[in-house]
Amino acid sequence: MEDYKNLTSNAIGFCLLPSELIQNILLHLTLPEIMAMKLVNRSMACVISDQSFVRECNLRSKSTTWLFVYKKRWLRDAILQGFSDQSTRWFKIAIADLLKSLISPGEDFFFLTASGNIFLFVCNTRQDVIAVNLVSKTVKRIPASPLGPRGTSSWRRSGMKLLATGSDHFRFLFAELVDNRPVLYEYSSEIDTWTSTEARENVGIMPRASCDREVDYIYLNVSNGPHESIVMAVESRSKDVPVILRLRFNGGEHGTRQQTVMADRLHVYGDGHMVIVRSNSVGNVKARVRMVNGIEIWGLGPNASHWEYISKLPSDILKKISKPYGVMMGCLEKSGGIIKIVLVSNYGCLWEIIWLSYDIGRDYWTWFPLPDCKMEGLNMAGIGFSRGLTLS
């Protein structure tokens, strides 16, 4: 009781400070912390709702990258947590109460992807997609795509893209092979409608997925085989027919690396790039325990005809992150000339999350050490990056 009185007294004292000083202090907090402060009292809500503060906060927040993890026990106790590249702890995001308005108790749903304030979840029971805006607290069920209802296993992370286009609007794109034909499906929340377009073969010269061209093209992986990847290039600012890129593993200068590509344990695709996680068996072969011994980034080669080697994780970082694992999955996104990679592994019922980034222009790798997000006894129900969270 005494602690509560002290907390209340401190909150009241803080609110008595000049509003300019309060706003300057709040700008040093992360977005979830600012949103929580808005609930303290009416005076604090008014300070945070001031339009000049909102503009400044949004300007700073747009450059912040967030990693979101959705974890749960079977059919219950679902928790969405976020960690930013400017924070030192995980934040619990209140999402369960919002989903309750559209999902009945006992329904099985997973986190699909995020962009800005928009988060997409897929319900395995109904096999539909639900869009949630964390700031406006609006929830919307997306109509079924032309391919019909789809469960979690039907969605491929590297084959889809969510783009927030306004305070409460977004585009959701995904690519699929239909009767051996690559087709782009796009949903627009503004008109609440799906469109579909069959892609054409690349007969000209496509630009690489470089940092100066990334705003012009969206790259969606259609299929990934041992010798070739089929990637769809979609012009983000026009309605031109999407183009198919057939990327082969070229021997060339990195011919010895081609053999590595064929034999490696894990490939992670996204945004016109590929991460190769090389590993080797340790201990008893039957136990199927592995250790990461190398991580490489590949991108689109000249004329977008093959995968081209870009960079390798430095050995000093590799030594810090390499631990035994049994199974591993990954996620890759690129924005602002930065490739972001998250690798999630499990060993002995314990989860390990690794966040890496690579600055293309500076040829520089960064490892973001993550505190424990309390995964013990829980299942991974989705993971992904987001950028551009705002107050409005």
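About the criteria used
Residues numbered from 1 in each chain as written. Predicted model: local features only at pLDDT ≥ 70, side-chain atom pairs only at ≥ 80, totals over all residues. Heavy atoms only, no water. Phe/Tyr/Trp six-rings, centres within 6.5 Å; stacked < 30°, edge-to-face > 60°. Helix = DSSP H or I, 4+ residues; strand = E, 2+ residues; numbered from the N terminus. Buried < 20%, exposed > 50% of the residue type's maximum accessible area, 1.4 Å probe, protein only. Lys NZ or Arg CZ within 6 Å of the ring centre and 35° of its normal. Axes fitted to C-alpha atoms, helices over the stretch in contact; angles between N-to-C directions. Contact = heavy atoms within 4.5 Å. Nonpolar A, V, L, I, M, F, W, Y, C, P; charged D, E, K, R; others polar. Arc of directions from axis to C-beta. Pairing = 2+ DSSP bridges. Patch = residues over 30% accessible without salt bridge, like charges linked within 9 Å, V, L, I, M, F, W, Y side chains within 5 Å. Areas by Shrake-Rupley, 256 points an atom, 1.4 Å probe, with all protein chains shown as cover. Salt bridge = Lys/Arg side-chain N within 4 Å of Asp/Glu carboxyl O.

As recorded in an unreviewed UniProt entry, the protein goes by the name F-box domain-containing protein, listed as coming from Citrus sinensis.

A. Just the packing of aromatic side chains, in detail. The final tally for this structure, using the stated rule, is 23 aromatic pairs. Between Trp66 and Phe91 the ring centres are 5.9 Å apart and the planes differ by 65 degrees, which places this aromatic pair in the edge-to-face class. In this pair, Trp66 sits in strand β1 (residues 65-73) while Phe91 sits in strand β3 (residues 91-93), placing the two residues 25 residues apart along the sequence. Each of the two residues, Trp66 as well as Phe91, counts as buried. Summarising the aromatic geometry, the rings of Trp355 and Phe385 are spaced 5.5 Å apart at their centres and angled 55 degrees between planes, so their arrangement reads as tilted. Pair noted here: Trp355 is in strand β22 (residues 350-359) and Phe385 is in strand β24 (residues 379-387), with a separation of 30 residues, a long-range link. You'll find Trp355 and Phe385 in the same group, each marked buried. Cluster of aromatic residues (ring-pair linked, three or more members): Trp66, Phe68, Tyr70, Phe91, Phe109, Phe111, Phe119 and Phe121. Above the plane of the ring of Tyr364 lies Arg362, whose end atom (NZ or CZ) is 4.7 Å from the centre.

B. Structural detail: the packing of helix α4 (residues 42-49) against helix α5 (residues 51-61). Contact geometry for α4 and α5: axes closest at 5 Å, N-to-C directions at 65 degrees. Facing Val47, Ile48 and Ser49 of α4, the residues of α5 in contact are Gln51, Phe53 and Val54. Counted by class, the contact of α4 with α5 contains four nonpolar, two polar and no charged residues.

C. Fine view of α4. Taken residue by residue, α4 has Met44, Ala45, Val47 and Ile48 as its buried positions. Down the axis of α4, the sector holding all buried residues measures 160 degrees, keeping them to one side. For α4, the exposed residues lying more than 90 degrees away from the buried face are Arg42 and Cys46.

D. The arrangement of the environment of Met232 in detail. If you trace the backbone, Met232 turns up in strand β14 (residues 228-235). Overall, Met232 belongs to the buried group, its relative accessible area being 0%. The spacing of Met232 and Pro182 is 50 residues in sequence and 7.9 Å in space, taken between C-alpha atoms. In this structure, Met232 is in contact with Ala175, Pro182, Val183, Leu184, Ala199, Ile218, Tyr219, Leu220, Val222, Pro242, Val243 and Ile244, ignoring residues within four places of it in sequence.

E. View of the pairing of strand β19 (residues 306-312). Across two bridges, strand β15 (residues 243-249) lies against β19 in parallel orientation. Of the residues in β19, the one forming a bridge with Phe249 is Trp307. For strand β18 (residues 290-300) and β19, the ladder comprises five bridges, and the chain directions are antiparallel. The partner of Ile297 across the bridge, within β19, is Ser311.

F. Local environment of a nonpolar patch on the surface. On the surface, a nonpolar cluster with roughly 210 Å² of combined accessible area is contributed by Leu17, Leu21 and Ile25. Mapped onto the fold, Ile25 is located in helix α2 (residues 19-26). When its relative accessible area of 35% is taken as the criterion, Ile25 is described as partly exposed.

G. Inspection of the sheet that holds strand β21 (residues 338-347) at higher detail. Taken in spatial order, the four strands make up an open sheet running β20-β21-β22-β23, and their pairing is antiparallel. Both edges of this open sheet fall to β20 (327-335) and β23 (364-368), since each of them pairs with a single strand only. Mean inter-strand twist for the sheet, computed between neighbouring axes without regard to direction, equals 20 degrees.

H. Broad picture of the pattern of salt bridges. All told, the structure shown has 13 salt bridges when counted by the stated rule. Note that Arg89 and Glu33 form a salt bridge whose closest N and O atoms lie 3.5 Å from each other. On the criterion of sequence distance, the pair formed by Arg89 in the loop between β2 (76-84) and β3 and Glu33 in helix α3 (residues 31-37) is long-range, its members being 56 residues apart. On the basis of relative accessible area, Arg89 is assigned to the partly exposed category, the value being 42%. The salt bridge involving Asp128 is made with Arg141; its shortest N-O contact spans 2.5 Å. Taken as a pair, Asp128 in strand β6 (residues 128-133) and Arg141 in strand β7 (residues 138-142) lie far apart in primary sequence, 13 residues in all.

I. Layout of the pairing of strand β13 (residues 217-224). With six of eight residues buried, β13 lies mostly within the body of the structure. Where β13 lies against β14, seven bridges are found, and the strand directions are antiparallel. In the sheet register, Asn221 faces β14, and the bridge partner there is Val231. Linking β13 to β14, which pair antiparallel, is a turn of three residues.

J. Expanded view of the sheet that holds strand β5 (residues 118-123). Spatially, four strands are ordered β4-β5-β6-β7 in an open sheet, and the strand pairing comes out antiparallel. At either margin of the open sheet sits one strand with a lone partner, and together these are β4 (109-115) and β7. Across the sheet, the axes of successive neighbouring strands diverge by a mean angle of 25 degrees, strand direction being ignored. Of the strand pairs in this sheet, β4 and β5 are connected by six bridges, and their pairing is antiparallel. The partner of Thr113 across the bridge, within β5, is Leu120.

K. A look at the environment of Val178. Inspection of the secondary structure assignment puts Val178 in strand β9 (residues 170-178). Since its relative accessible area comes to 18%, Val178 is described here as buried. Along the primary structure Val178 and Glu198 are separated by 20 residues, whereas in three dimensions their C-alpha atoms are 9.3 Å apart.

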